[in-house]
Amino acid sequence: MKSPIVAPSILAADFANLQHEIEMINRSEADWIHIDVMDGVFVPNISLGLPICEAINRHARKTMDVHLMIVQPERYLTEFKKAGAEYLTVHLEACPHLHRTIQQIKDLGCKAGVALNPHTSVESLRDVIEMLDLVCLMSVNPGFGGQKFIARTYQKIKDLKTLISEENSSALIEIDGGVNEANAHALLDSGADVLVAGNFVFSSANPEQTIAGLKQVLV
Ligand code: DX5
Ligand code: ZN
């Protein structure tokens with residue numbers, strides 16, 4: 001039996017009550033806190049940056065999973081490590097020298113993740129998959145919470161699972177965007193390991209219970 005690693009996305013939280021929201025995640029059965037950093041260039045939105053990440057780190061007792069939706073992420077890796085990032089995920093589409101960027105993340109002592117936009121084939125990771133701790137499959141176009149899940153993701157999970165086993169990688173498969181109780185079981189069943197959930201958690205009447213519900217999804 002396997003249950004997912006659950007990573008609530010702080011993007012959907014009440015930023016005016018961040019400490020309260022983090023304490024809720026600390027109390028909950030969540031495994032990680034997913035932190036979306038957007039620069040208004042790689043994606044058409046600006047979210048939060050280093051000072052907020054540092055502030056989250058002062059209160060969070062869960063693993064900080066930092067998703068960098070920014071151009072030239074290599075310029076900021078050291079700073080995000082200092083701000084508490086344990087998983088550092090960069091976008092393949094933002095990294096012309098992806099192999100080097102992954103190496104830089106690992107040299108910092110962080111777990112290395114690569115995120116793929118919905119249009120990017122998992123095959124493009126073949127030559128680096130063995131180095132990775134995490135692959136984040138975007139199941140919406142990055143930039144905003146609350147979007148509709150893209151169903152093609154199920155096939156991508158299966159393809160990625162095959163690639164991971166062919167190349168003897170231990171990378172976890174993370175799904176980010178539009179995750180909820182209706183698709184969580186099928187995602188896990190397809191081979192997902194980590195479920196990111198923003199609006200589904202924070203727009204619910206009882207976010208702690210919603211997180212517990214996701215943890216109870218078993219395959
Ligand atoms: C989208 C972000 C996601 C987002 C998910 O660009 O990477 O992490 O917060 O939000 P929901 O779960 O609401 O789709
Ligand atoms: Zn994200």
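Whatever comes next refers back to the structure up there.
What counts and what doesn't
Counting from 1, residues in each chain are numbered in the order their sequence is written. Chain letters and ligand numbers both follow the written order, the letters beginning at A and the numbers at 1. Selection of residues for local features in this predicted model requires a pLDDT of at least 70, selection of side-chain atom pairs for listing and counting requires 80 or more, and totals for whole chains, interfaces and linings are taken over all residues. The basis for the side-chain values is all heavy atoms of the structure; hydrogens and waters are excluded. Throughout, nonpolar core names a set of buried Ala, Val, Leu, Ile, Met, Phe, Trp, Tyr and Cys residues whose side chains join them through atoms within 4.5 Å. The buried label goes to any residue with under 20% of its type's maximum accessible area, the exposed label to any with over 50%, and the partly exposed label to all in between, with areas taken from a 1.4 Å probe on protein chains only. A contact between two residues is defined here by any heavy atoms of the two lying within 4.5 Å. The donor definition counts N, O and S atoms within 2.8 Å of each metal and applies 3.2 Å to Na, K and Ca; water is not among these atoms, so some sites may look incomplete. When four donors show all angles between 85 and 135 degrees the site is tetrahedral, when four or six donors have opposite pairs over 155 degrees and all other angles between 65 and 115 it is square planar or octahedral respectively, and in every other case it is irregular. Helix and strand assignments come from DSSP, with helices taken as H or I runs of at least 4 residues and strands as E runs of at least 2, each series counted from the N terminus. Convention adopted: a line fitted to C-alpha atoms gives each axis, helices being fitted over their contacting stretch, and angles between N-to-C directions are expressed from 0 to 180 degrees. Oblique is the label for any angle not covered by the other classes, which are roughly parallel (under 35 degrees), roughly antiparallel (over 145) and roughly perpendicular (65 to 115). Throughout, a crossing is termed right-handed when the near helix is turned clockwise from the far one, and left-handed when it is turned anticlockwise from it by less than a right angle. Each residue gets one label: Ala, Val, Leu, Ile, Met, Phe, Trp, Tyr, Cys and Pro are nonpolar, Asp, Glu, Lys and Arg are charged, and the others, such as Gly, are polar. Cavities and pockets are found on a 1 Å grid laid over the protein atoms alone: a cavity is a set of points where a 1.4 Å probe fits but cannot escape, a pocket is an open set with protein on both sides within 12 Å along at least five of seven lines, and a lining residue has an atom within 4 Å of such a point. Grid points are joined across faces, edges and corners, and a volume is the space filled by probe spheres set on the points. A side-chain nitrogen of Lys or Arg and a carboxyl oxygen of Asp or Glu constitute a salt bridge if their distance falls within 4 Å. Any residue with a heavy atom lying within 4 Å of a molecule or strand is counted as near it. Between N or O atoms, a polar contact is any pair within 3.5 Å; within protein, one atom must be a potential hydrogen donor and the other a potential acceptor, and residues adjacent in sequence are included only when both atoms are from side chains. Where accessible areas are quoted, they stem from the Shrake-Rupley method and a 1.4 Å probe; at the residue level, only the protein chains shown are allowed to cover.

### So, the nonpolar core
By size, the foremost hydrophobic cluster in this structure holds 63 residues, and its most contacted members are Ile 10, Ile 35, Leu 125, Leu 132 and Ile 175. In contact with Leu 125, not counting residues within four places along its chain, are Leu 92, Leu 98, Val 114, Leu 116, Leu 132, Val 135 and Leu 163. Counting residues in each nonpolar core, the second largest holds six residues, with Trp 32, Tyr 87, Val 194 and Val 196 among its members.

### Considering the coordination of the zinc ion (ligand 2)
Six octahedrally arranged donors around a metal ideally form angles of 90 or 180 degrees; four tetrahedrally arranged donors ideally form angles of 109.5 degrees. Around the zinc ion (ligand 2), the protein contributes the donor atoms His 34 (NE2), Asp 36 (OD), His 67 (ND1) and Asp 176 (OD), at 2.0 to 2.2 Å from the metal centre. One can describe the site at the zinc ion (ligand 2) as octahedral: its six donor atoms subtend angles covering 70 to 170 degrees at the metal. Spacing between the donor residues of the zinc ion (ligand 2) along the chain follows H-x1-D-x30-H-x108-D. One end of the pair, His 34, is in strand E2 (residues 32-38); the other, His 67, is in strand E3 (residues 63-69), with 33 residues separating them in the sequence. Taking the relative accessible area as the measure of exposure, His 67 reaches 1% and is therefore buried.

### Notes on helix H8 (residues 207-215)
What H8 keeps buried is the set Pro 207, Thr 210, Ile 211, Ala 212, Leu 214 and Lys 215. Buried positions along H8 lie against strand E1 (5-8), helix H1 (18-27), helix H6 (184-190), strand E8 (194-197) and helix H7 (199-202).

### Things to note about the packing of H1 against helix H2 (residues 50-59)
Direction vectors running N to C along H1 and H2 enclose 45 degrees, while the axes themselves pass 9 Å from each other. In terms of orientation, H1 lies oblique with respect to H2. The hand of the H1/H2 crossing is right-handed. Residues Leu 18, Gln 19, Ile 22 and Asn 26 of H1 lie in contact with H2, whose contacting residues are Ile 52, Ile 56 and His 59. Partitioned by chemical class, the residues of the contact of H1 with H2 number four nonpolar, three polar and no charged.

### Some remarks on the layout of surface pockets
Here the largest pocket is characterised by a volume of approximately 270 Å³. Together, 25 residues line the largest pocket, and Gly 145, Gly 146, Gly 177, Gly 178 and Gly 198 are the ones closest to its centre. Looking at the lining of the largest pocket, the elements that each hand over two or more residues are E2, E3, E8 and H7.

### Quick look at the environment of Asp 107
Inspection of the secondary structure puts Asp 107 in helix H4 (residues 98-107). Taking the C-alpha atoms as reference, Asp 107 lies 13 Å from Glu 86; in sequence the two are 21 residues apart.

### Some remarks on the pattern of salt bridges
Summed over all chains, the structure comprises seven salt bridges. Between Asp 193 and Lys 2 there is a salt bridge, with its nearest N and O atoms 3.1 Å apart. A residue pair is termed long-range when its members are at least 10 positions apart, and Asp 193 in the loop between H6 and E8 and Lys 2 in the segment before E1 qualify at 191 residues. Judged by relative accessible area, Asp 193 falls into the buried class, the value being 13%. Across the salt bridge formed by Glu 208 and Arg 27, the nearest N and O atoms sit 3.2 Å from each other. One end of the pair, Glu 208, is in helix H8; the other, Arg 27, is in helix H1, with 181 residues separating them in the sequence. Relative accessible area serves as the criterion here: at 30%, Glu 208 is assigned to the partly exposed category.

### Some details on the site of ligand 1
Of all residues adjacent to ligand 1, which total 20 residues, the nearest are Ser 9, Asp 36, Gly 143, Asp 176 and Gly 198. Ser 9 places a polar side-chain atom, nitrogen or oxygen, 2.8 Å from an oxygen atom of ligand 1. Here His 67 contributes a side-chain N or O atom positioned 3.3 Å from an oxygen atom of ligand 1. Protein coverage of the free-state accessible area of ligand 1, which is 380 Å², stands at 99%. Secondary structure elements with two or more residues in the shell around ligand 1: E2, E3 and E8. The element that contributes the greatest number of residues to the shell around ligand 1 is E2, accounting for three residues. Grouping the amino acids of the shell around ligand 1 by side-chain chemistry returns eight nonpolar, ten polar and two charged.

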